[in-house]
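Survey of secondary and tertiary structure
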Amino acid sequence: MQRITSEHVNHYLEHGYAIVPDFLNESELAEAREEIRTTLPGWVEFCDDPTAPKPTNSQHNFLPGQGATRFPYTGNMLNHISMHPDLVEFARARAGGNEVFCEQANLNVKCMDHPRDQDQAMHCDFGNHSLAYPPDLPEYWQTAYIVYFTDVDEDHAPTAVCSWQHYPESLRWPAMYKREDRPALYDNEVKATVPAGGLLMYSMRTFHRGTPFLADVGRIVEFITYAPAAWKWLGITGWSVEAIRPAFRGWIESATPEERELLGFPPPGHSYWTDETREGVSARYPGMDMSPYLD
Ligand SMILES: [Fe+2]
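This section reports on the structure supplied with the text.

How each quantity is defined
Residues numbered from 1 in each chain as written. Predicted model: local features only at pLDDT ≥ 70, side-chain atom pairs only at ≥ 80, totals over all residues. Heavy atoms only, no water. Pairing = 2+ DSSP bridges. Helix = DSSP H or I, 4+ residues; strand = E, 2+ residues; numbered from the N terminus. Axes fitted to C-alpha atoms, helices over the stretch in contact; angles between N-to-C directions. Contact = heavy atoms within 4.5 Å. Donors = N, O, S within 2.8 Å, 3.2 Å for Na, K, Ca; no water. Buried < 20%, exposed > 50% of the residue type's maximum accessible area, 1.4 Å probe, protein only. Salt bridge = Lys/Arg side-chain N within 4 Å of Asp/Glu carboxyl O. Phe/Tyr/Trp six-rings, centres within 6.5 Å; stacked < 30°, edge-to-face > 60°.

Another aspect to go through is the sheet that holds strand β4 (residues 143–148). Pairing in this open sheet of five strands is antiparallel, and the strands run β1-β8-β4-β10-β2 from one edge to the other. Edge positions in the open sheet fall to β1 (18–20) and β2 (100–111), since each of these has one partner strand only. Strand after strand, the sheet turns through a mean of 20 degrees between neighbouring axes, direction not considered. The pairing of β4 with strand β8 (residues 199–203) spans five bridges and is antiparallel. Following the sheet pairing, I146 is matched in β8 by L200. Running at roughly 155 degrees to β1, helix α1 (residues 6–15) makes contact with β1, β4 and β8 of the sheet. Across the face of the sheet, helix α5 (residues 85–94) comes into contact with β2, β4, β8 and β10 (218–228) while running at roughly 155 degrees to β4.

So, on to the coordination of the iron ion. In the first shell of the iron ion, the protein supplies H123 (NE2), D125 (OD) and H208 (NE2), at 2.1 to 2.2 Å from the metal. Ordering the donors of the iron ion by residue number gives the pattern H-x1-D-x82-H. Each member of the pair, H123 together with D125, is buried.

Okay, the pattern of salt bridges next. Under the criterion given, the structure shown has 13 salt bridges. Across the pair E169 and R182 runs a salt bridge whose closest N-O atoms are separated by 2.8 Å. Here E169 is found in the loop between β5 (159–162) and β6 (176–177), whereas its partner R182 is found in the loop between β6 and α6 (183–187), with 13 residues between them in sequence. For E169, a relative accessible area of 30% corresponds to the partly exposed category. Between R278 and D275 there is a salt bridge; the shortest N-O distance is 3.0 Å. You can see R278 and its partner D275 sitting in helix α10 (residues 275–284), three residues apart, about one turn around the helix. For D275, a relative accessible area of 62% gives the class exposed. Each of E34, R37 and E45 takes part in one network of salt bridges that share partners.

Take D295: it is sitting in the segment after α10. For D295, a relative accessible area of 84% puts it in the exposed group. Along the backbone, D295 and H270 are 25 residues apart, and their C-alpha atoms lie at a distance of 8.9 Å.

Here we take up the packing of aromatic side chains. Two numbers describe a pair of aromatic rings. These are the distance of the centres and the angle of the planes. Enumeration according to the criterion identifies 19 aromatic pairs in this entry. Arranged with centres 6.0 Å apart and planes meeting at 90 degrees, the rings of W141 and W164 form a pair that is edge-to-face. Taken together, the residues W141 in the loop between β3 (122–123) and β4 and W164 in the loop between β5 and β6 connect sequence positions 23 residues apart. Just as W141 is buried, W164 falls in that class too. Between F265 and W273, the aromatic rings sit 5.9 Å apart at their centres with planes inclined by 45 degrees, giving tilted as the arrangement. Take F265 and W273: they sit in the same class, and that class is buried. Among the aromatic side chains, those forming a connected cluster through ring pairs are Y12, F90, W141, Y145 and W164.

This part is about the pairing of β8. In terms of burial, β8 is a largely internal element, five of the five residues being buried. The alternating pattern of β8 places L199, M201 and S203 on one face and L200 and Y202 on the opposite face, and all of these are buried. Here three bridges tie β1 to β8, and the two strands are oriented antiparallel to one another. When the bridges of β8 are listed, A18 appears paired with M201.

To continue, consider the pairing of β5. Residues of β5 alternate between two faces, with T159 and V161 on one and A160 and C162 on the opposite face, all of them buried. Pairing analysis gives three bridges linking β5 to strand β9 (residues 208–210), with the strands arranged antiparallel. Counterpart to A160 in the pairing with β9 is R209. Here β5 runs beside strand β7 (residues 189–191); their pairing, made up of three bridges, is antiparallel. Bridging across to β7, A160 finds its partner in K191.

That's the geometry; what it means functionally is another story.
This is how it looks when you write it as C-alpha cells:
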C-alpha cells in the first residue's frame, strides 16, 4: 500500500479508526469532483463556496445510494476510487488475508437543514451491515471507509469517532448509546476533520456518529465498505439491483476479472463457467473479454 502507511495501520489497530488526509492525489480528486458536478449538479459549487445557490430541488439530493449516486458511477474515476487497490488491500489485510467483496459504494451529500443533518447517537454500523454480530476476529472483519470530496472542518458535520481505548470491553451491545446513557463515549469523541481528498477508515466495532452542521454549508463524501467474501450474512447491499442500469454494463465490460469479483461476479476457473454461461454472459455484456473465463 502506498498511501496507507504503517502509521495509519497502527493507529487503526490501536484506536479502531485512522485518518489519511491526503489519500487521493490532485488529479484523482479533480476528476472525481468533475464527475460529481455532473451527477449532483450544484453540490460541489455550494460545498466549495456556501454563498453559491444551495442545491435543494434535485431528486438525488435526498436519495443518496440509489441510481446515479450508487456504484457503478457514470464516471470512471469514482469507480476507480471505489475499488482503489489500497482500500482493497487494507480491507483484505484486516480480514486475515481472505478475499473481500465491496458491500457498499455510494455517494452521500448533505448540508445544513438537510434530512441527514442530524445529531446522531454514538453507534456501531453493523445494524445494517450484518444480519448477525461482528466478533473481534479477522475472518469476519468489515472495513468501512469515508472518502471526502470537499473539505470537512468543525462546521461541516464531521463524523465523530471514539477510540477503542474508551470501551475496552469486548461486547458491542447495545450498538447505540445516547449521550446520557454513556457520556464517556461522547466526552472522548474525536471529530474527523478531513480535507478534500482525505480518507477516514473505521470498523463495525468502532463507535462513531454523525454530528450536526454548525453553519449553512455542505459536504460530499463516498461511503465504501468491504467485507470478507465468504459470508452471506455480511453486507448492506446486493449489486444485482444495479446490474440492470446502463452504467453497470459499461463498468463491468471494462472492469478486470478481479474488479468484477469484488462485486461477487463468478471468478475465472469457477465451475459456473460453461459453454452455456459464457454464451449467455457474453450476449448480455457484448464488450466483455470472455477469454479469462475460457478454462
Ligand atoms: Fe454510522
